[in-house]
Amino acid sequence: MIKAPKRHYFGTDGIRGKANQSPVTAEIALKVGMAAGAFFRRGNHRHRVVIAKDTRLSGYLIEPALTAGFVAVGMDVILVGPMPTPAVAMLVKSLRADLGVMISASHNPYDDNGIKLFGPDGYKLSDEDEMQIEALMAGDLDDYRVVGDRLGRAKRLEDAPGRYIEYVKATFPKDMRLDGMKVVLDCANGAAYRVAPVVLWELGAEVISIGVKPDGTNINKDCGSTHPAPLQAAVREHGADLGIALDGDADRLIMCDEEGELVDGDQLLAMVTSMMHKRGQLKGGGVVSTVMANLGFEDYIKQLGLALHRTAVGDRYVMQKMRESGCNIGGEPSGHIILSDHTTTGDGLLAALQVLAMVRYQQAESQLQAQTGALRPFIPVPQTLINIPTRDLDEKGKKALENKVEDVSQLFGERGMVVMRPSGTEPLVRVMLQCKDAGLFEEGIKAVRKAAGLA
């Protein structure tokens, strides 16, 4: 099993938890602002940080606390309001900022929130950087306070949405349009509700938008990539060509075909990888995914003569491996897809545009008779994910579960895979099972559920 280093506040994707409870409180956010500001305060220039958020009510709690922390250590703050996480990565570089912050709990319910940090290069921070920031938070931050005219200032950047819209549109092929294509777009009442419909419409698509009326408490509620039923129903109702669902901070997506059948991240990643390979755009001789990637996906990639590099769960680990291996595409089954020729992190809207471009290419080349085939290039191996609340497991129970997972892994052998890992975003232990033998697959599921007390 691949594990990330243990940290006190930071998980697999920043700091996350129940809003107004540790570690997502105003007090801790203030410390994060001061510590991260101190860590990135290098040189004698006027330092600046970009802060965005999704549409959660608690953003009003976390945003001013972070702002105060950065201002206290001499950083100017640029506030952009509700914007997708990948927009932060883009704006940090565009505005020559020293740091970027996204206030979001991604696909979690509205009463959670979190803090994601980006360095001046637009990449999410490494484990080592996060651990150094935690060390600063544990020390005496008074040493980093400034006074007088050295205090930072805060201002709002009104044209941030327009900047991101033009940036994403520029990744779409210049000689291509979406005219004649009807698309249902679910923005999860989240960070992309203002920008995503505009991008698709300006590229020529007929857009039926849902999940675009955030009220502070409805982000991800019965909508978005984690609750796709409304998307599927809307595609069938409107006779759309396909559907796109983003999550709360729009760094990942899932799609569905014209029949409303879902297409997960593995299939989307396989489709884009194969087309990039065919068009001579693929770098590094392969693709990066995580330990959760489907074995059918792995077999498909190998059939293309390419390598699959697996990492720990989390799109920043995918990005790190992409940089190490030279690959320019990577992703996760959950729908994080990173195209490093365009961006430094997962971007659901940008990835959707590349999928739409691939569908257009295939339609033009008449190589596939049906769109359904275009969106599903491989047959997946049976796979399931069992979520086990950590409160239901004492130390003895955890050990018993670990032993059973090892037993099932040996039972599957080379025909399958079992991965057990703690969630980095929720109080859960996740056990993923997949196996090419249907009988062994069912046997393994029953054994794990019984060991977890779920049978």
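Bear in mind that the values here come from a model prediction, so they are computed numbers and not experimental data. (Residues numbered from 1 in each chain as written. Predicted model: local features only at pLDDT ≥ 70, side-chain atom pairs only at ≥ 80, totals over all residues. Heavy atoms only, no water.)

**Here we look at empty space enclosed by the protein**
Consideration 1: Going through the model one piece at a time under the given rule, you end up with one cavity of 30 Å³ or more.
Consideration 2: In this structure, the largest cavity is lined by Asp13, Gly14, Lys116, Leu117, Lys124, Glu130 and Arg316.
Consideration 3: Considered class by class, the residues forming the lining of the largest cavity number one nonpolar, one polar and five charged. (1 Å grid on protein atoms, 1.4 Å probe; cavity = no way out; pocket = protein on both sides within 12 Å on 5 of 7 lines; lining within 4 Å. Points joined across faces, edges and corners; volume = space filled by probe spheres on them. Nonpolar A, V, L, I, M, F, W, Y, C, P; charged D, E, K, R; others polar.)

**Structural notes on the packing of aromatic side chains**
For any pair of aromatic rings, the description rests on two quantities: the centre-to-centre distance and the angle between the ring planes.
Consideration 1: Applying the stated rule across the entire model yields four aromatic pairs.
Consideration 2: Aromatic side chains Phe297 and Phe378 sit 6.0 Å apart centroid to centroid with 55 degrees between the ring planes, which places their arrangement in the tilted category. With Phe297 in helix α9 (residues 295–303) and Phe378 in the loop between α12 (371–375) and β16 (383–389), this pair connects stretches of sequence that are 81 residues apart.
Consideration 3: A relative accessible area of 0% places Phe297 in the buried class.
Consideration 4: Taken together, the ring pairs in this structure connect Phe297, Tyr300 and Phe378 into an aromatic cluster.
Consideration 5: The positively charged end of Lys53 is found above the aromatic ring belonging to Tyr60, 4.3 Å away from the centroid. (Phe/Tyr/Trp six-rings, centres within 6.5 Å; stacked < 30°, edge-to-face > 60°. Helix = DSSP H or I, 4+ residues; strand = E, 2+ residues; numbered from the N terminus. Buried < 20%, exposed > 50% of the residue type's maximum accessible area, 1.4 Å probe, protein only. Lys NZ or Arg CZ within 6 Å of the ring centre and 35° of its normal.)

**Things to note about the pattern of salt bridges**
Consideration 1: Tallied over the full model, the rule gives 28 salt bridges.
Consideration 2: Between Arg46 and Asp76 there is a salt bridge, with the nearest N and O atoms lying 3.0 Å from each other. Placement of the pair is Arg46 in the loop between α1 (26–39) and β2 (47–53) and Asp76 in strand β3 (residues 75–82), with a sequence separation of 30 residues.
Consideration 3: Take Asp76: its relative accessible area is 17%, and that puts it in the buried class. (Salt bridge = Lys/Arg side-chain N within 4 Å of Asp/Glu carboxyl O.)

**Side note on unusual backbone geometry**
Consideration 1: At the junction of Ser22 and Pro23, the peptide bond is cis and its omega measures out at 10 degrees in the coordinates.
Consideration 2: Examined against the element boundaries, Pro23 turns out to sit in the loop between β1 (15–18) and α1.
Consideration 3: In this structure, Ser106 is a non-glycine residue whose phi angle is positive, near 60 degrees.
Consideration 4: Exposure remark for Ser106: the relative accessible area of 2% places this residue in the buried category.
Consideration 5: The phi angle at Ala250 is positive, at roughly 65 degrees, despite the residue not being glycine.
Consideration 6: With respect to the element layout, Ala250 can be found in the loop between β9 (242–246) and β10 (253–256).
Consideration 7: Given the relative accessible area of 2%, Ala250 is considered buried.

**A look at the sheet that holds strand β5 (residues 112–118)**
Consideration 1: Here six strands make up an open sheet; going across it, the order is β1-β5-β4-β2-β3-β6 and the pairing mixed. Because the sheet does not close on itself, it has two edges, and the strands there are β1 and β6 (154–156). Each neighbouring strand pair of the sheet contributes to a mean axis angle of 20 degrees, computed without reference to strand direction.
Consideration 2: Most of the contacts of α1 go to β5, to which it runs at about 5 degrees, and overall it touches β1, β3, β4 (99–103) and β5.
Consideration 3: Contacts from helix α3 (residues 85–94) reach β2, β3, β4 and β5 within the one sheet, and its direction differs from that of β4 by about 165 degrees. (Pairing = 2+ DSSP bridges. Axes fitted to C-alpha atoms, helices over the stretch in contact; angles between N-to-C directions. Contact = heavy atoms within 4.5 Å.)

**Some words on the nonpolar core**
General note: in soluble globular proteins, nonpolar side chains tend to be found buried as a group.
Consideration 1: Val80, Ile244, Leu253, Phe297 and Leu356 are the most contacted members of the largest nonpolar core, which has 73 residues in total.
Consideration 2: When residues in this core are grouped by element, the largest group, eleven residues, is from helix α11 (residues 348–365).
Consideration 3: In contact with Leu253, other than residues within four places in its own chain, are Ile244, Ala245, Leu246, Leu268, Ser334, Gly335, Ile337, Gly348, Ala351 and Ala352.
Consideration 4: By size, the runner-up hydrophobic cluster in this structure holds 33 residues, among which are Val24, Met34, Val77 and Leu125. (Core = buried A, V, L, I, M, F, W, Y, C linked by side-chain atoms within 4.5 Å.)

**A closer look at the confidence of the model for the chain**
Consideration 1: The share of residues in the chain with pLDDT of 70 or more is 96%, and the mean pLDDT across the chain is 93.
Consideration 2: Contacts of residues 1–5 to residues separated by more than four positions or lying in other chains number ten contacts, the stretch itself having pLDDT below 50.
Consideration 3: Per-residue pLDDT stays below 50 along residues 367–372; that stretch engages in twelve contacts with residues further than four places along the chain or on separate chains. (pLDDT = per-residue confidence, 0-100.)

**Some thoughts on the sheet that holds strand β18 (residues 428–435)**
What links the strands of a sheet is backbone hydrogen bonding, and the strands pair in either a parallel or an antiparallel sense.
Consideration 1: Read across the sheet, three strands follow the order β16-β18-β17 without closing on themselves; strand pairing throughout is antiparallel. In this open sheet, the two strands that pair with only one neighbour each are β16 and β17 (416–422). Averaged over all pairs of adjacent strands, the angle between their axes in this sheet comes to 15 degrees, without regard to strand direction.
Consideration 2: Examined bridge by bridge, β16 and β18 share seven bridges and lie antiparallel to one another. Looking across to β18, one finds that Ile388 is bridged to Val429.
Consideration 3: Sheet strands in contact with helix α13 (residues 395–412) are β16, β17 and β18, and its direction is about 160 degrees off that of β17.

**A word on helix α8 (residues 265–278)**
Count 3.6 residues to each turn of an α-helix, and residues three or four apart come out pointing the same way.
Consideration 1: End to end, α8 covers 20 Å across 14 residues, agreeing with the expected 20 Å (1.5 Å per residue, within 8%).
Consideration 2: Among the 14 residues of α8, twelve are classified as buried, and the element is accordingly described as predominantly covered.
Consideration 3: For α8, the full list of buried residues reads Gly265, Asp266, Gln267, Leu268, Leu269, Ala270, Met271, Val272, Thr273, Ser274, Met275 and Met276.
Consideration 4: For α8, the capping residue at the N-terminal end is Asp264, with a side-chain oxygen 3.2 Å from the backbone nitrogen of Asp266. (Expected span 1.5 Å × (residues − 1). Polar contact = N/O pair within 3.5 Å; in protein donor to acceptor, adjacent residues only side chain to side chain.)

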